[in-house]
Amino acid sequence: MDTLHTLQGQKTSYVLDSSLGMPVCRYWGQRLHDESHLDDLLKLQAKSFQAAALLNQLVPLTIFPEQGTGFWGNPALSGHRAQQHWATAFHLNSLQQSPDSLNFQFIEEHAQLSLTLEILLDAETDVLQRRTILQNLGNTPYHLNWCAAAAFELPHWSQELLMFHGNWTNEFQMVRQPFPIGTLSRENRRGRTSHNSFPGMIIGSPQFCETSGEIYGFHLGWSGNHRILVECSAEGDRQIQLGELLMPGEQVLSPDESYTSPWTYSCYAQDGLNELSHKFHTFARKHILPQRAMRTPRPVQFNTWEALYFDHEWEALKSLVQKASDLGIERFVLDDGWFCNRNDDHRALGDWWPDPTKYPDGLKPLIDCVLEHGMEFGLWVEPEMVNPDSQLYRQHPDWVLNLDPLPRTTGRNQLVLDLSRSEVSDYLFNSLNKLLSEYSISYLKWDMNRDLTMAGHEGTPAYHQQTHALYALLNRLRECHPMVEIESCASGGGRIDFGILKYAERVWTSDSNDALLRQKIQRGYSVFFPPEIMGAHIGPAECHTSGRKLSLQLRAHTALFGHFGMELDLRVLSPEENTLLKQYIDLYKQQRDLLHHGQNYRLELDDARWGYGVVSLDQKRALFCLIQMEVPLNRFSQRVRFCGLNPNYQYRLQLLPPVDPSIHKLLLQSENDYENGILMQGEMLLKSGILLPMPFPETSILIQLDVP
Ligand code: GLA
């Protein structure tokens, strides 16, 4: 068997060497075009010239490092069989290969385990998918503690990490740090993807940025507990492992039973973060997201939450429907507060039928009214949860995840239903199926408002099975109602990952509608995920979660670059605000084709001014937004260099209305410039850029570029 295995992407090559059994990655980077010289990768491979204080036989860092080979770092597998077989050394048993996949199967005769490493490379986007399957071949249980979905050796130039930290209303905060000495473990034990530790990381050359630097991006597509482990041994070996974090006893494999890890998605980029994002976005569009997310224009949404909260009063609803339709809104989403007895967040979760006081004739009158006004109807649900004060809980107190007799700790006054019990999943399926069958509902906002703590099923940890049961429930519903779109919300952006996105057309990115916070959140989000599924709403003038007051212009410019919507009380808008809002809705409709099918670019400016834009695939249209985040340190502006344009095209640059007259006057020489735009060569815009006046903080401008 040839022992060098190559997967070729459009721009990258991934080369593994299985001559020692467990493969070693000999190369992962820019595409190697001439395959006849691949053997060169095996030459001059001596790692150390001095064996003193080392093992006599140097242990290579493989794509699945194991303790039974003498490897002293964190192994990719950790477990035992009655305290034996805790260190494995697998032997290669078979390999199945195709031009875009490798499937290695190994056996550990002593430990009686079989291991399969599945590797796929999507040639178009260069995204590498990997996962691991472990099977117990013995006749006693095998206790699994850790099974990396994938492990990667990292080259010496990987010197900086970019991680994603966060909290409620502050998701996807980017944090950089030098490559650690020893081990760094980013862990999540909250049972959902989490606001705090997004399962993704970028590792790259010193000071990599949006437009330059060699980098790798890694993401675990999993909506439960996870661990990302980054390690540098004292000798200098570097590795990263990604996988599901297992609680003690969570995976005990009975004879013949197997464990399948979540998929990891990773990618190499030669020129910084923008390039990496294009690859992940295209991959998500083609291979992860349900097709509706791409095929149909993303409708302008209105959501009732920050307009009404729990006060669902018929007159208010009717007037919101009217206002929304007058503005040109296309989907009306009824948020929390509609179901039986739900007057605050202390009760009723689980009782999924309309509140008889608020909706004496069910939801039909409201839905009819929405449809008659030319909009689709969407509904909020939070199926995985139950309030102790609910009919469901009173009837089935045993249906929740618990660690009785420990106290049943509530979060937002709720407990989590144990979805792995078929009667629970059936109840939820039937409740939702009834709603979707009875009513004309084209969209569900599927919420999940608490972390899983103490998630036990008959005493055993149930995080893993809960996540799979959730996927199964979503799948079952989608199969019965393929035209219904689903949004993944978890107190905002607590559940955004490639695992859940196989079942969701949209995410609620954050409960914060504060445009400045949103800029940061959306920037971090956009590293992995495309804009058309990013729920982004114009909130009230005074943000309900931060108290900050921001202009409608800034709020609109910020929401425009996602799946655009409104979440404010339309009844209290001034006539000027109403006109402006209508203008932005029209603008979104004109631009959404570009916004949702182009390539996204984060500009490298400075801390005070941020820039973000989308360029069409043919490079003939672009829309950029420049945001003055804060008061700059310098009096004079820096030049703004664009990205993604074609150097050989001549572009017409226009500021999109409404423009603050002071900026307009400073930037453009005459009224004529404003009307007709300024012509500039792509090369100039890319290399030299334009000098813009320094506007007041918390303002923004929209720049349209097109080839006339
Ligand atoms: C969560 C969501 C909000 C809203 C409320 C309703 O916090 O993130 O958007 O739907 O629940 O209770």
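Residue numbering note: each chain is counted from 1, following its sequence as written. Given that this is a predicted model, residues contribute local features only at a pLDDT of at least 70 and side-chain atom pairs are listed and counted only at 80 or more, while totals for whole chains, interfaces and linings are drawn from all residues. Remark: hydrogens and water are excluded; side-chain values derive from all non-hydrogen atoms of the structure.

Trainee: Explain the overall build of the protein chain to me, using residue names and the numbers behind them.
Mentor: Helix numbers and strand numbers start at the N terminus; a helix is a DSSP run of H or I with at least 4 residues, a strand a run of E with at least 2. Scanning the protein chain from terminus to terminus reveals 14 helices and 40 strands. Only C-alpha atoms enter the radius of gyration, while the globule expectation follows 2.2 Å times N to the 0.38, with N the number of residues. Taking 27 Å as the expected radius of gyration for a compact globule of 708 residues, we find that the protein chain reaches 27 Å, a close match to that expectation. By its C-alpha atoms, the protein chain is 80 × 70 × 40 Å across when sized along the principal axes. Summary of the burial criterion: residues with accessible area below 20% of their type's maximum are buried, those above 50% are exposed, and those between are partly exposed, where the area comes from a 1.4 Å probe applied to protein chains only. Counting the 708 residues in the protein chain, one finds 60% classified as buried.

Trainee: Requested: an account of the site of the ligand, with residues and values cited.
Mentor: The immediate surroundings of the ligand are formed by 13 residues, with Asp 335, Asp 336, Arg 412, Lys 445 and Asp 511 found nearest. Whenever two N or O atoms come within 3.5 Å, that pair is a polar contact, provided that in protein one can donate a hydrogen and the other can accept it, and provided that, for residues adjacent in sequence, both atoms are side-chain atoms. A distance of 3.0 Å is found between an oxygen atom of the ligand and a side-chain nitrogen or oxygen belonging to Trp 380. A distance of 2.7 Å is found between an oxygen atom of the ligand and a side-chain nitrogen or oxygen belonging to Lys 445. The protein chains shown are the only cover counted for residues, whose accessible areas, like all others here, come from Shrake-Rupley with a 1.4 Å probe. In the complex, 96% of the free accessible area of the ligand, which totals 300 Å², lies under the protein chains. Residue type decides the class: Asp, Glu, Lys and Arg count as charged, Ala, Val, Leu, Ile, Met, Phe, Trp, Tyr, Cys and Pro as nonpolar, and the leftover types, Gly among them, as polar. For the shell around the ligand, the per-class residue count stands at 4 nonpolar, 3 polar and 6 charged. The criterion for a residue being near a molecule or strand is simple. One of its heavy atoms has to lie within 4 Å of it.

Trainee: Explain the pairing of strand β33 (residues 599–602) to me, and be specific about the residues and the numbers.
Mentor: When DSSP finds two or more bridges between two strands, those strands count as paired. As paired strands, β33 and strand β34 (residues 609–615) are joined by 4 bridges and run antiparallel to one another. Paired with Asn 600 across the bridge in β34 is Val 614. The antiparallel hairpin formed by β33 and β34 contains 6 residues in its connecting segment.

Trainee: I'd like a rundown of the sheet that holds strand β1 (residues 4–8), residues and numbers included.
Mentor: The sheet built from 3 strands is open, its strands ordered β1-β2-β3 with antiparallel pairing. Strands at the two margins of the open sheet, each flanked by one partner only, are β1 and β3 (24–30). Averaged over all pairs of adjacent strands, the angle between their axes in this sheet comes to 15°, without regard to strand direction. Two strands pair when backbone bridges link them, and β1 and strand β2 (residues 12–17) are joined in this way by 5 bridges, in the antiparallel orientation. The residue of β2 that forms the bridge with Gln 8 is Ser 13. The axes used here are C-alpha line fits, helices contributing only the stretch in contact, and every angle between their N-to-C directions lies in the interval 0 to 180 degrees.

Trainee: Could you give an account of the packing of aromatic side chains, with specific residues and numbers?
Mentor: Geometry of aromatic contacts follows a simple scheme: Phe, Tyr and Trp rings, the Trp one being its six-membered ring, pair when their centres are within 6.5 Å, and the pair is stacked under 30 degrees between planes, edge-to-face over 60, tilted otherwise. Summed over the entire model, instances satisfying the criterion amount to 40 aromatic pairs. For the pair Tyr 649 and Tyr 651, a centre-to-centre distance of 6.3 Å together with 55° between the ring planes defines the contact as tilted. An aromatic cluster is defined as three or more aromatic residues linked by ring pairs; in this entry it consists of Phe 164, Phe 172, Phe 198, Tyr 265, Phe 280, Phe 283, Phe 498, Tyr 525, Phe 528 and Phe 529. Geometry around Phe 429 places Arg 476 over its ring, the cationic atom sitting 4.0 Å from the centre. We call a charge positioned over a ring when the NZ of a Lys or the CZ of an Arg lies within 6 Å of the ring centre and within 35 degrees of the ring normal. Against the face of Trp 610 rests Arg 523, its NZ or CZ located 4.9 Å from the ring centre.

Trainee: Give a detailed account of empty space enclosed by the protein, specifying residues and quantitative values.
Mentor: Cavities and pockets were defined on a 1 Å grid built over protein atoms only: a cavity is a set of grid points that admits a 1.4 Å probe from which the probe cannot escape, a pocket is an open set flanked by protein on both sides within 12 Å along at least five of seven lines, and lining residues are those with an atom within 4 Å of any such point. Grid points are joined across faces, edges and corners, and a volume is the space filled by probe spheres set on the points. Going through the model one piece at a time under the given rule, you end up with 9 cavities of 30 Å³ or more. Considering only enclosed or pocket space, the largest cavity measures out at about 130 Å³ in volume. As for the largest cavity, its lining consists of 14 residues, and the residues nearest its centre are Gln 519, Gln 522, Arg 523, Tyr 612 and Ile 627. If you list the elements that add at least two residues to the lining of the largest cavity, you get α9 (515–525), α10 (552–560), β34 and β35 (621–628). Looking at the lining of the largest cavity residue by residue, the classes come out as 6 nonpolar, 6 polar and 2 charged. Its boundaries defined by the atoms lining it, the second largest cavity holds a volume of some 100 Å³. Around the second largest cavity sit 13 residues that line it, and Leu 401, Asn 402, Thr 409, Thr 453 and Met 454 are the ones nearest its centre. When grouped by side-chain class, the residues that make up the lining of the second largest cavity number 7 nonpolar, 3 polar and 3 charged.

Trainee: How would you explain unusual backbone geometry if you had to name every residue and give the values?
Mentor: The amide bond that connects Asp 404 to the next residue, Pro 405, takes the cis arrangement and shows omega of 10°. Along the chain, the position of Pro 405 falls in the loop between α6 (391–395) and β25 (415–416). Phi angles above zero are rare outside glycine, and Asp 256 is one such case at about 75°. Note that Asp 256 resides in the loop between β18 (251–253) and β19 (258–260). Classification of Asp 256 by relative accessible area gives exposed; the value is 56%.

Trainee: Explain the layout of surface pockets residue by residue, including any values.
Mentor: The volume enclosed by the largest pocket comes to roughly 800 Å³. Looking at the largest pocket, it is lined by 26 residues, and the ones nearest its centre are Cys 25, Arg 26, Gln 45, Lys 47 and Glu 153. Residue contributions to the lining of the largest pocket peak at 6 residues, all from β3. For the lining of the largest pocket, a count of residues per class yields 16 nonpolar, 4 polar and 6 charged.

Trainee: Could you give me a rundown of the pattern of salt bridges, with the residues and numbers involved?
Mentor: Here, a salt bridge means any side-chain nitrogen of Lys or Arg that lies within 4 Å of a carboxyl oxygen of Asp or Glu. Within the structure shown, the criterion is met by 40 salt bridges. We note a salt bridge from Arg 394 to Asp 389, for which the minimum N-O separation is 3.0 Å. Under the relative-accessibility criterion, Arg 394 is labelled exposed at 52%. Residue class for Asp 389 comes out partly exposed when judged on its relative accessible area of 31%. We note a salt bridge from Asp 706 to Arg 652, for which the minimum N-O separation is 2.7 Å. Of this pair, Asp 706 sits in strand β40 (residues 699–706) while Arg 652 sits in strand β37 (residues 650–655); the two residues are 54 residues apart in sequence, bridging distant segments of the chain. Put simply, Arg 298, Arg 331, Glu 376 and Glu 485 are held in one network by salt bridges that share partners.

Trainee: Tell me about the side chain of His 481, and name the residues and values.
Mentor: Relative to the helices and strands, His 481 resides in the loop between α8 (463–480) and β29 (485–488). By relative accessible area, which is 12% here, His 481 ends up buried. Any two residues whose heavy atoms approach within 4.5 Å are treated as being in contact. In this structure His 481 touches Asn 433, Leu 436 and Ser 437, once residues within four positions along its chain are discounted.

Trainee: Let's hear about the sheet that holds strand β9 (residues 142–147): which residues, and what values?
Mentor: Overall, antiparallel pairing links the 3 strands, which are arranged β4-β9-β18 in an open sheet. Of all the strands in the sheet, just β4 (77–80) and β18 have a single pairing partner and so form its edges. Here the average twist between neighbouring strands, direction ignored, is 30°. In this sheet, β9 lies alongside β4 in antiparallel orientation, the contact comprising 4 bridges.

Trainee: Explain α9 residue by residue, including any values.
Mentor: The buried count for α9 comes to 10 of 11 residues, which makes it a mostly enclosed element. Taken residue by residue, α9 has Ala 515, Leu 516, Leu 517, Arg 518, Gln 519, Ile 521, Gln 522, Arg 523, Gly 524 and Tyr 525 as its buried positions. By the N-cap criterion, in which a side-chain oxygen at the helix start approaches the backbone nitrogen of a residue two or three places on, α9 is capped by Asp 514, the distance to Leu 516 being 2.9 Å.

Trainee: Can you tell me about the nonpolar core, naming the residues and giving the values?
Mentor: We define a nonpolar core as any set of buried Ala, Val, Leu, Ile, Met, Phe, Trp, Tyr and Cys residues linked to one another through side-chain atoms lying within 4.5 Å. By size, the foremost hydrophobic cluster in this structure holds 185 residues, and its most contacted members are Trp 338, Met 566 and Leu 570. Those residues within four positions of Trp 338 in sequence are excluded, and the remaining contacts are His 312, Trp 352, Trp 353, Pro 354, Asp 355, Tyr 359, Leu 363, Leu 379, Trp 380, Val 381 and Leu 435. The next biggest cluster of nonpolar side chains, apart from the first, holds 20 residues, and it includes Tyr 601, Phe 624, Leu 626 and Ile 701.

Trainee: Got a sec to walk through the side chain of Asn 188? Specific residues and values, please.
Mentor: Residue placement: Asn 188 occurs in strand β13 (residues 182–188). A distance of 2.7 Å separates a polar side-chain atom of Asn 188 from the backbone oxygen of Arg 192. At 3.1 Å, the side chain of Asn 188 forms a polar contact with the backbone oxygen of Gly 224. Beyond its immediate sequence surroundings of up to four residues, Asn 188 is in contact with Thr 193, Ser 194, Gly 224, Asn 225, His 226 and Leu 245.

Trainee: Could you give an account of the environment of Glu 35, naming the residues involved and the relevant values?
Mentor: When you line up the elements, Glu 35 lands in the loop between β3 and β4. In this structure, the C-alpha to C-alpha distance between Glu 35 and Gln 8, residues 27 residues apart in sequence, is 9.9 Å. There is a polar contact of 2.9 Å between the side chain of Glu 35 and the side chain of Gln 8.

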